[in-house]
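The residues making up each chain are set out below.
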Amino acid sequence: MAMNLRLRDDQTEALKLRAEQEGTSMHAILLRAVDDYLARTAHEVLVREAAKEQTAKWAELLERLK
């Protein structure tokens, strides 16, 4: 899917500089950033769901420990 991404001037310059430093393209850096974000947030969702399940499982004990 093609899309447009509008960056501030300072973001564009920083991204361009980083791409030059890494010897890669701005496009490649942005794709990597999206992949990193998706992986990190997917993990956060799994942790949150596990915490809810464990809280429900141990609710009685947790209440007694208060």
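Refer to the structure above for everything that follows.
Residues numbered from 1 in each chain as written. Predicted model: local features only at pLDDT ≥ 70, side-chain atom pairs only at ≥ 80, totals over all residues. Heavy atoms only, no water.

Here's the deal with the pattern of salt bridges
If you walk through the whole model with that rule in mind, you get 4 salt bridges. Salt-bridge contacts for D10 lead to R8; the nearest nitrogen and oxygen are separated by 3.0 Å. The closest approach of N and O atoms between E13 and K16, which form a salt bridge, is 4.0 Å. You can see E13 and its partner K16 sitting in helix α1 (residues 9-22), 3 residues apart, about one turn around the helix. (Salt bridge = Lys/Arg side-chain N within 4 Å of Asp/Glu carboxyl O. Helix = DSSP H or I, 4+ residues; strand = E, 2+ residues; numbered from the N terminus.)

With respect to α1
Between its first and last C-alpha atoms α1 spans 20 Å; for 14 residues at 1.5 Å apiece the expected length is 20 Å, and the two agree. A positive phi of about 70° marks G23, the residue just after α1. (Expected span 1.5 Å × (residues − 1).)

Structural measurements only, silent on function.
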